[in-house]
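Chain by chain, the residues:
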Amino acid sequence: MLQDIAPHHFDIAFEKGYGRSPKAEDLVAAWQEDALLLCRKDGCCTLPTVEQCEKSHWEITKLRYLFSLDALAVYYLDLSDEPFPFPEGSQLEKASALRELSPQHLSFIALVSAHLHRWYSAHHFCGQCGGAFSLSPKERALVCPHCGLVEYPRINPAVIIAVTDGDRLLLSRYANRPYRRWALLAGYCEAGESLEETVRREVKEEVGLSVCNLRYYKSQPWPHSDSLLMGFYCDVEGKTEAQIDENELAEAQWFHREELPIEDPRQLSLTQEMIVTFREGREPKAKSVSP
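Below: a short report on this structure. (Residues numbered from 1 in each chain as written. Predicted model: local features only at pLDDT ≥ 70, side-chain atom pairs only at ≥ 80, totals over all residues. Heavy atoms only, no water.)

Attention shifts here to the packing of aromatic side chains. Scanning the model with the defined rule gives eight aromatic pairs in all. Residues Phe-10 and Phe-108 carry aromatic rings whose centres are separated by 5.1 Å and whose planes lie at 75° to one another, so their mutual orientation is edge-to-face. Within this pair, whereas Phe-10 is found in strand β1 (residues 10-11), its partner Phe-108 is found in helix α2 (residues 104-122), the two being separated by 98 residues in sequence. According to the relative accessible area criterion, Phe-108 is buried, its value standing at 4%. (Phe/Tyr/Trp six-rings, centres within 6.5 Å; stacked < 30°, edge-to-face > 60°. Helix = DSSP H or I, 4+ residues; strand = E, 2+ residues; numbered from the N terminus. Buried < 20%, exposed > 50% of the residue type's maximum accessible area, 1.4 Å probe, protein only.)

Below, the structure is given as structure tokens:
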């Protein structure tokens, strides 16, 4: 999946950057609205280094530590406030294109930086008293020095749902969205709702079906929507004819294992991995109950 970047190692721990000064070889995720600055050379791309930014007369004191990749630190800078000159060979890339970047570890860290960039840029001022936020010195948080409000990065919990009927899997297409591939059902958790309750509610709302035998599969950070995805397999219970919510879905269809479309061979998303896992018969099975 997108976050599977071994042998590279991603470390989001905030304390890694506490009191750390940027080194020349460290990387900078520099954002201008919804575009990230990337350097391209000989068919490869990377983030600019701190040294490249210093040579372009950037104010390095404004860098904020984000995370580390292997031995390198990755820092954040918002270019929207000041039109810094770009390092030679660099250009802005829209956030929507970052999923297709190569190598994959660059795509992943670029998208995580996009997640944090959206949070930083949307929280300049306290929503409680209107005061300007300050950076917390002890954790990844924004603190209002006037009223004490603390804001943490927004992470939206959501479920990915593989509804099964024996050797069949239910796939759907979204309505009114640019993404047109077949996908599993999905939805965000509501306040006061467990993951299992979210699964049952979303299936009922989107396709009018009931499900049982919920089995957790795995999770995935999904920076595109600032989400944490949690995958479940479950069995349809009762009727199997889907009645779609046309505000959410354009269509829904049952596929036998051998007929399942594989539209993303790289399996970057939890949805695609779960489809392939079912196609190959490796999905978690419902536990049998002794009489």
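Another aspect to go through is the side chain of His-115. Along the polypeptide, His-115 turns up in helix α2. By relative accessible area, which is 12% here, His-115 ends up buried. Not counting chain neighbours up to four residues away, the residues in contact with His-115 comprise Arg-154, Ile-155, Pro-223 and Asp-226. (Contact = heavy atoms within 4.5 Å.)

Okay, the nonpolar core next. Judged by nonpolar contacts, the single largest core of 68 residues is most densely connected at Leu-47, Leu-98 and Val-163. In contact with Leu-47, not counting residues within four places along its chain, are Leu-27, Val-28, Ala-29, Leu-36, Leu-37, Leu-38, Gln-52, Val-74, Leu-106 and Ile-109. By size, the runner-up hydrophobic cluster in this structure holds 14 residues, among which are Val-28, Leu-37, Leu-63 and Tyr-65. (Core = buried A, V, L, I, M, F, W, Y, C linked by side-chain atoms within 4.5 Å.)

This brings us to the environment of Ala-97. Relative to the elements of secondary structure, Ala-97 occurs in the loop between β7 (90-94) and α2. Remark: the alpha-carbon pair of Ala-97 and Ala-35, spanning 62 residues in sequence, is separated by 9.3 Å.

We now examine α2. Between the first and last C-alpha of α2 there are 27 Å, a value that for 19 residues agrees with the 27 Å anticipated at 1.5 Å per step. A large share of α2 lies buried, amounting to 15 of its 19 residues. (Expected span 1.5 Å × (residues − 1).)

Let us look at the side chain of Glu-283. The residue Glu-283 is located in the segment after α4 (270-279) in this model. Engagement of the side chain of Glu-283 in a polar contact is seen with the side chain of Arg-257, the distance being 2.9 Å. (Polar contact = N/O pair within 3.5 Å; in protein donor to acceptor, adjacent residues only side chain to side chain.)

Across all of its chains, the model carries 16 salt bridges by this definition. Measuring nitrogen to oxygen at the nearest pair gives 2.6 Å for the salt bridge that ties Arg-20 to Asp-26. Its salt-bridge partner being Glu-205, residue Arg-201 comes within 3.2 Å of it at the nearest N-O pair. Of this pair, Arg-201 and Glu-205 both sit in helix α3 (residues 195-207), separated by four residues, roughly a single helical turn. Residue Arg-201 is classed as buried on the basis of its relative accessible area, which comes to 18%. Several salt bridges converge on common partners, so that one network encompasses Asp-167, Arg-257, Glu-283 and Lys-285. (Salt bridge = Lys/Arg side-chain N within 4 Å of Asp/Glu carboxyl O.)

Another aspect to go through is the sheet that holds strand β10 (residues 150-151). Here we have three strands laid out as an open sheet, ordered β8-β9-β10, and antiparallel in their pairing. The strands lining the two open edges of the sheet, one partner per strand, are β8 (134-135) and β10. Pairing geometry for strand β9 (residues 142-143) and β10, over two bridges, is antiparallel. The partner of Leu-142 across the bridge, within β10, is Glu-151. (Pairing = 2+ DSSP bridges.)

Here the focus is the state of the cysteines. For the coordinates displayed, the defined rule picks out zero disulfides. Take Cys-126: it sits in no disulfide, and the sulfur closest to it among the cysteines is that of Cys-147, at 3.6 Å. The exposure class of Cys-126 is buried, given its relative accessible area of 5%. A disulfide-free cysteine, Cys-129 has its sulfur positioned 3.4 Å from the sulfur of Cys-144, the nearest such atom. The class for Cys-129 is partly exposed, based on a relative accessible area of 43%. (Disulfide = S-S within 2.5 Å.)

On the secondary structure map, Ala-30 appears in strand β2 (residues 27-32). A C-alpha to C-alpha distance of 9.1 Å links Ala-30 and His-117, two positions 87 residues apart in sequence. Each residue touching Ala-30, except ones within four places of it in the same chain, is listed here: Ala-35, Leu-36, Leu-37, Trp-58, Leu-77 and Leu-79.

Purely spatial values, then, with no claim about function.
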